[in-house]
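Observations on the model geometry
Residues per chain are reported as follows:
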Amino acid sequence: MTRIIAGRAGSLVLDVPDAGTRPTSDRVRESLFGALESADALRGAAVLDLYAGSGALGLEALSRGAASADLVEKSPRAATVAQRNAARVAMAVGSGPTVTVHRSSADAFLRTGRGPYDLVFLDPPYDVSEAELSSTLALLVPVLSPAADVVIERAARSPEPTLPDGLLAGRSKRYGDTALWWAAAGG
């Protein structure tokens, strides 16, 4: 069961697509969002959740004080689930924050030039190659705010993502078979 962990929509249960996605575990999300809150990276943030699946990462950010969240999901089935979850979270958090689900590939969405984003989550399917991920990260740089944080989730066995000019490597953390890599706008 996937749920919003904390904030105004805390404990709200989220639907998960029946196939083709890999929801971020509660343990990983709890650690990730604890770090983000500690860094004051959520309050008022414009959030981008690429490869959103159920939308859990972007919606958790919204529940914890982000001003807006764009959830980008290519799969029509998963985007429908994310839209349903977004509507539930929007009702729970009330007026103010906005959430939009975009049925699009990550690269196509990034080419639209929306932004700037203060916080970006990338949780691509594990079969997305390192070259594809690097290309997506290069497209991401122009839509980042100057102090943006980027969090990349991959399989723990994956190599460290190759970051383009405009992104600086931060810390990394492994949780069983999942790894998170942090990057920041700059450079």
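Everything numeric here is computed off the predicted structure, so don't read it as measured data.

**A look at the sheet that holds strand β8 (residues 167-175)**
Taken in spatial order, the 7 strands of this open sheet run β5-β4-β3-β6-β7-β9-β8, and their pairing is mixed. Looking at the sheet topology across the chains shown, the edges are occupied by β5 (98-103) and β8. Averaged over all pairs of adjacent strands, the angle between strand axes in this sheet comes to 15°, irrespective of strand direction. In terms of strand pairing, strand β4 (residues 68-73) meets β5 through 6 bridges, oriented parallel. Across the sheet, residue leucine 71 finds its bridge partner in β5, namely valine 101. Packing of helix α5 (residues 130-140) onto the sheet brings it into contact with β3 (46-50), β6 (117-122), β7 (144-155) and β8, and relative to β7 it is tilted by some 165°.

**As for the nonpolar core**
By size, the foremost hydrophobic cluster in this structure holds 32 residues, and its most contacted members are Leu32, Phe33, Leu36, Val47, Leu71, Val89 and Phe121. Where this core is concerned, the elements lending two or more residues are α1 (26-38), α2 (56-63), β4, α3 (76-93), β6 and β9 (178-185). For phenylalanine 33, the residues in contact, after removing those within four places along its chain, are Leu42, Leu57, Glu60, Ala61, Arg64 and Phe121. One finds Val72, Ala148, Ala179 and Ala185 within the second-largest nonpolar core, a separate group that totals 24 residues.

**Here's the deal with α5**
For α5, the full list of buried residues reads Leu133, Thr136, Leu137 and Leu140. Down the axis of α5, the sector holding all buried residues measures 100°, keeping them to one side. Where α5 is buried, its residues contact β3, α4 (106-110), β6, β7 and β8.

**Details of the packing of α2 against α3**
Relative to each other, α2 and α3 sit at 5°, their axes nearing to 10 Å. Taken together, the axes of α2 and α3 are roughly parallel relative to one another. In this structure, α2 uses Leu59, Leu62 and Ser63 to contact α3, whose residues at the interface are Asn85, Ala86, Val89 and Val93. Across the contact of α2 with α3, the residue classes tally to 5 nonpolar, 2 polar and no charged.

**Brief notes about the environment of arginine 8**
Checked against the element boundaries, arginine 8 lands in the loop between β1 (2-3) and β2 (13-14). Distance from arginine 8 to alanine 92, taken between C-alpha atoms, is 6.5 Å for residues 84 residues apart in sequence. Excluding its chain neighbours within four sequence positions, the residues that come into contact with arginine 8 are Ser63, Ala92, Val93 and Pro97. A polar side-chain atom of arginine 8 sits 2.9 Å from the main-chain carbonyl oxygen of valine 93.

Reading guide: rules and limits
- Residues numbered from 1 in each chain as written.
- Predicted model: local features only at pLDDT ≥ 70, side-chain atom pairs only at ≥ 80, totals over all residues.
- Heavy atoms only, no water.
- Pairing = 2+ DSSP bridges.
- Helix = DSSP H or I, 4+ residues; strand = E, 2+ residues; numbered from the N terminus.
- Axes fitted to C-alpha atoms, helices over the stretch in contact; angles between N-to-C directions.
- Contact = heavy atoms within 4.5 Å.
- Core = buried A, V, L, I, M, F, W, Y, C linked by side-chain atoms within 4.5 Å.
- Buried < 20%, exposed > 50% of the residue type's maximum accessible area, 1.4 Å probe, protein only.
- Arc of directions from axis to C-beta.
- Parallel < 35°, antiparallel > 145°, perpendicular 65-115°, else oblique.
- Nonpolar A, V, L, I, M, F, W, Y, C, P; charged D, E, K, R; others polar.
- Polar contact = N/O pair within 3.5 Å; in protein donor to acceptor, adjacent residues only side chain to side chain.

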